[in-house]
Amino acid sequence: MKMLKAMSMATLLSALAVSAWADDCSVTIDSSDQMRFDKATITIDSSCEAFTVNVTHSGKLPRNVMGHNWALTKTEDLAAVARDGIQAGLDNNYVLPNDGRVLAYTPIIGGGESTSISFDPSGLLVGGEYSFLCTFPGHSALMKGAVVVK
Ligand code: ZN
C-alpha cells in the first residue's frame, strides 16, 4: 500500500514536470483582420531545448489580402527585414531566402488558419534586444512586439 502511494506520487510529479515544460517552452499568439497581434511581448526561455511559437489567425480574410506570419529578429534589424521582405513576395512568405537576420519565422497564414515554428533558442542572448513582427507588406507598423530572452 505504501509502495503504491509512492508510485502514484512519482507519476503525478512527472506529469506536472511535463506540463511545466510545455508552458515555459511555447507560446500562442493570435492575429486578426484588424492587423493586430494579441500580445505585445513574448518571453523566450533560452534554456528550452526547443521553443515553439503557435500562430493563429482569428480573422476571415485570405492570406494574400490580410496574411500574417511571425518572425523573430534583432530589434535593430526589424525595419530592414520588413522592407526587404516586400520584394521576397508571398511565395517566400515575405522573407528573403536565407536571410540570416531572420532568426525564426512561420509561413504566412490567412483567416481561420494556424501555423507554428519550433527553434533552438540557445543561441539567443539573455537580455538581448529582440523583436517579433509580421513581414506582410506594411503590417510591421502595427504588428510587432518585444521578445524578452531569459
Ligand atoms: Zn500581418
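Everything below is about the structure shown above.
If you're wondering where the values come from, they're calculated on a predicted model, not measured in any experiment. (Residues numbered from 1 in each chain as written. Predicted model: local features only at pLDDT ≥ 70, side-chain atom pairs only at ≥ 80, totals over all residues. Heavy atoms only, no water.)

Topic: the coordination of the zinc ion
- Protein ligation of the zinc ion involves His68 (ND1), Cys134 (SG) and His139 (ND1), the donor distances falling in the range 2.0 to 2.2 Å.
- Donor residues for the zinc ion sit on one chain with the sequence pattern H-x65-C-x4-H. Within this pair, whereas His68 is found in the loop between helix H2 (63-66) and strand E4 (71-74), its partner Cys134 is found in the loop between strand E7 (130-133) and strand E8 (144-149), the two being separated by 66 residues in sequence. (Donors = N, O, S within 2.8 Å, 3.2 Å for Na, K, Ca; no water. Helix = DSSP H or I, 4+ residues; strand = E, 2+ residues; numbered from the N terminus.)

Brief notes about the pattern of salt bridges
- Tallying each qualifying case throughout the model produces four salt bridges.
- We note a salt bridge from Lys39 to Asp38, for which the minimum N-O separation is 4.0 Å.
- In this structure, Arg101 and Asp99 form a salt bridge, with 2.9 Å as the shortest nitrogen-oxygen distance.
- On the basis of relative accessibility, which here comes to 25%, the residue Arg101 falls in the partly exposed class.
- It is possible to trace a salt-bridge network through shared partners that takes in Arg83, Asp84, Asp99 and Arg101. (Salt bridge = Lys/Arg side-chain N within 4 Å of Asp/Glu carboxyl O. Buried < 20%, exposed > 50% of the residue type's maximum accessible area, 1.4 Å probe, protein only.)

So, the environment of Val53
- Mapped onto the fold, Val53 is located in strand E3 (residues 51-57).
- On the accessibility criterion, Val53 (0% relative accessible area) is buried.
- Separated by 28 residues in sequence, Val53 and Cys25 place their C-alpha atoms 8.7 Å apart.
- Setting aside anything within four residues of it in sequence, one finds Val53 in contact with Val27, Ile29, Trp70, Thr115, Ser116, Ile117 and Phe119. (Contact = heavy atoms within 4.5 Å.)

Notes on the side chain of Asn69
- Its location among the elements puts Asn69 in the loop between H2 and E4.
- Using a relative accessible area of 0% as the deciding quantity, one classes Asn69 as buried.
- A polar atom in the side chain of Asn69 sits 3.3 Å from the backbone oxygen of Asn93.
- Among the polar contacts made by the side chain of Asn69, one reaches the main-chain amide nitrogen of Thr135 at a distance of 2.8 Å.
- In contact with Asn69, other than residues within four places in its own chain, are Phe37, Asn93, Val95, Thr106, Pro107, Ile108, Leu133, Cys134, Thr135 and Phe136. (Polar contact = N/O pair within 3.5 Å; in protein donor to acceptor, adjacent residues only side chain to side chain.)

Some words on the sheet that holds E3
- If you walk across this open sheet you meet the three strands as E1-E3-E6, and the pairing is mixed. Two strands close off the open sheet at either side, each with one partner strand: strand E1 (26-31) and strand E6 (114-119). Neighbour to neighbour, the strand axes of the sheet diverge by 15° on average, direction disregarded.
- In terms of strand pairing, E3 meets E6 through six bridges, oriented antiparallel. Bridged to Thr56 within E6 is Ser114. (Pairing = 2+ DSSP bridges. Axes fitted to C-alpha atoms, helices over the stretch in contact; angles between N-to-C directions.)

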